[in-house]
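Summary of the model geometry
Take a look at the letters that make up each chain.
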Amino acid sequence: MLGRDDRLEEAIALLDARFPQSPLRIAAEAMLATRREDWDRALDLWREHMRLDPEDAAGWQGYGSASQGRRLALLERGGVEPEIDQVDRAQIDVVEDDDARKLMLGFESMGFDCEFGLVQRRFGAEPLGLLRFNSVQVGGLVEALAHRFDGMGEPEHTALGTSKGEYFIRDRRWGLAMHTFLYEGCEDAERLHAKLCRRVVFLKDKLLADLAEGRKIFVFSSSALQLDELLMLHAALSGFGDIALLHVRPIGARAAGLEGGKAGEAIEIRPRLFVGFVSRYGNNARGEWNIPFDEWLGVCRATARMRGSAPPM
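Since the structure is predicted, the reported quantities are computational estimates derived from the model, not experimental observations. (Residues numbered from 1 in each chain as written. Predicted model: local features only at pLDDT ≥ 70, side-chain atom pairs only at ≥ 80, totals over all residues. Heavy atoms only, no water.)

1. Quick notes on the overall build of the protein
Helix and strand counts for the protein stand at 11 helices and 9 strands. At 20 Å, the protein has a C-alpha radius of gyration in line with the 20 Å of a compact globule built from 313 residues. Summarising its shape, the C-alpha atoms of the protein cover approximately 60 × 45 × 40 Å along the three principal directions. Long-range pairs, those at least 24 residues apart, make up 60% of the contacts in the protein between residues at least 6 apart in sequence. For the protein, the computed accessible surface area is about 14700 Å², with 50% contributed by carbon and sulfur atoms. (Helix = DSSP H or I, 4+ residues; strand = E, 2+ residues; numbered from the N terminus. Rg over C-alpha atoms; globule rule 2.2 N^0.38 Å. Contact = heavy atoms within 4.5 Å. Areas by Shrake-Rupley, 256 points an atom, 1.4 Å probe, with all protein chains shown as cover.)

What follows is the structure, encoded as structure tokens:
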């Protein structure tokens, strides 16, 4: 994170001499390869880490981050999105259920945080998405949709800052903030800002194309959303066409008109508007992720069935 590659290489060499099969040693080398954008090497190392320690979440999270980075690098070089199956053919290694992976690729996160993006990652799905790893408030999102994200990614609208040492980018008008998974000292801030602005433009154009196509189910998870806010969000999305929206909330988060479900289930409350329920919010008071993945899978399967877009089981 500090960008001190020379010290990290020394540490890896010491670990390699004494503990060559240590998941810690392999993770350190995988992080170094990821930072250097040696994507194939990073993916091989993370895959080995998962083989040695399948219970360690660092393995599948690191693997997903490297895979995402690889696809973004290809996107930036070629200007078009690479085919998911071509680039991510090894992602089935993350989980054993390829049907779940295919299912998750039919959904796209609209906020309000990273939880659904991590659900996709857990099941080996790594779609590129503008709002997949973002901090999104419903008001700012509705306003951005009303303006069709016009100008998002332009340097004058894009602020680069840091939180806990990580670079974040944020749209100055609508407050949409995005993880970069890059840290201070790893890259020149001015060069990084220009690179991230180009990336946001690519992802914005992709989101607009997905909205126009209307095939995906868009997801907004929150424990605080009220029914009127949900209807407002769905109306804003419906301005792009026949859009399906899934709102996911913990069963303990009470709001008039949004009750009645069980964890892992979903209901349709309006045409193309679904509400799914999980037992808990995936991020606890200490900021630690503890996501009910199987419940999320049940919610997505139920929603896809109701919409008629579930993959064959």
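Further notes follow.
2. Digging into unusual backbone geometry
For the peptide bond that leads from Gly111 to Phe112, omega is 5 degrees, which places it in the cis range. Among the structural elements, Phe112 can be located in the loop between strand 1 (107–109) and helix 7 (115–122). One non-glycine residue, Phe181, adopts positive backbone phi at about 60 degrees. Note on placement: Phe181 falls in strand 5 (residues 177–183).

3. Focus on the pattern of salt bridges
Counted under the stated rule, the structure contains 23 salt bridges. As a salt-bridge pair, Arg25 and Glu29 come within 2.5 Å of each other at their nearest N and O atoms. Note that Arg25 and Glu29 are positioned in helix 2 (residues 23–35) at a spacing of 4 residues, about one turn of the helix. The pair formed by Arg25 and Glu29 is uniform in burial state, with each residue classed as buried. We note a salt bridge from Arg301 to Asp97, for which the minimum N-O separation is 3.0 Å. Here Arg301, found in helix 11 (residues 293–307), pairs with Asp97, found in the loop between helix 5 (84–87) and helix 6 (98–104); they are 204 residues apart in sequence, far enough to count as distant. (Salt bridge = Lys/Arg side-chain N within 4 Å of Asp/Glu carboxyl O. Buried < 20%, exposed > 50% of the residue type's maximum accessible area, 1.4 Å probe, protein only.)

4. Considering the pairing of strand 8 (residues 266–270)
Note: strand 8 against strand 9 (residues 273–278), 4 bridges, orientation antiparallel. Its bridge partner lying in strand 9, Arg270 is registered against Leu273. Between strand 8 and strand 9, which pair antiparallel one after the other, the connecting turn spans 2 residues, and Arg272 there sits at a positive phi close to 70 degrees. (Pairing = 2+ DSSP bridges.)

5. Considerations on the sheet that holds strand 5
An order of 2-5-4-3 is seen for the 4 strands of this open sheet, with the pairing classed as antiparallel. Two strands lie at the open edges of the sheet, namely strand 2 (134–135) and strand 3 (158–163), each paired on one side alone. Taken together, the 4 bridges between strand 4 (residues 166–171) and strand 5 define a ladder with antiparallel strand orientation. In the strand pairing of strand 5, Phe168 is matched with His179. Against the sheet, helix 9 (residues 189–213) engages strand 3, strand 4 and strand 5, with an angle of about 120 degrees to strand 3. (Axes fitted to C-alpha atoms, helices over the stretch in contact; angles between N-to-C directions.)

6. Quick notes on the packing of helix 8 (residues 138–146) against helix 10 (residues 227–238)
As a packed pair, helix 8 and helix 10 sit with axes 9 Å apart at the nearest point and diverge in direction by 20 degrees. With respect to each other, helix 8 and helix 10 are oriented roughly parallel. For the pair helix 8 and helix 10, the crossing hand works out as left-handed. Across from Val138, Leu141, Val142 and Leu145 in helix 8, the residues of helix 10 making contact are Glu229, Met232, Leu233, Ala236 and Leu237. Tallied by class, residues from the contact of helix 8 with helix 10 come to 8 nonpolar, no polar and 1 charged. (Parallel < 35°, antiparallel > 145°, perpendicular 65-115°, else oblique. Left-handed = near helix turned anticlockwise from the far one by under 90°. Nonpolar A, V, L, I, M, F, W, Y, C, P; charged D, E, K, R; others polar.)

7. Comments concerning the packing of helix 1 (residues 5–18) against helix 2
Remark: helix 1 packs on helix 2, axes separated minimally by 9 Å, with the N-to-C direction vectors making an angle of 150 degrees. The orientation of helix 1 relative to helix 2 falls into the category roughly antiparallel. Considering how the two elements wind past one another, helix 1 and helix 2 form a crossing that is left-handed. Residue-level contacts link Asp5, Leu8, Glu9, Ile12, Leu15 and Asp16 of helix 1 to Arg25, Ala28, Glu29, Leu32 and Arg35 of helix 2. Partitioning the contact of helix 1 with helix 2 into residue classes produces 5 nonpolar, no polar and 6 charged.

8. Details of the packing of aromatic side chains
As enumerated under the stated definition, the model contains 6 aromatic pairs in all. On the basis of an interplanar angle of 85 degrees and a centroid distance of 5.5 Å, the ring pair of Phe133 and Phe181 is categorised as edge-to-face. Here Phe133 is found in the loop between helix 7 and strand 2, whereas its partner Phe181 is found in strand 5, with 48 residues between them in sequence. Residue class for Phe133 comes out buried when judged on its relative accessible area of 6%. Judged by relative accessible area, Phe181 falls into the partly exposed class, the value being 38%. (Phe/Tyr/Trp six-rings, centres within 6.5 Å; stacked < 30°, edge-to-face > 60°.)

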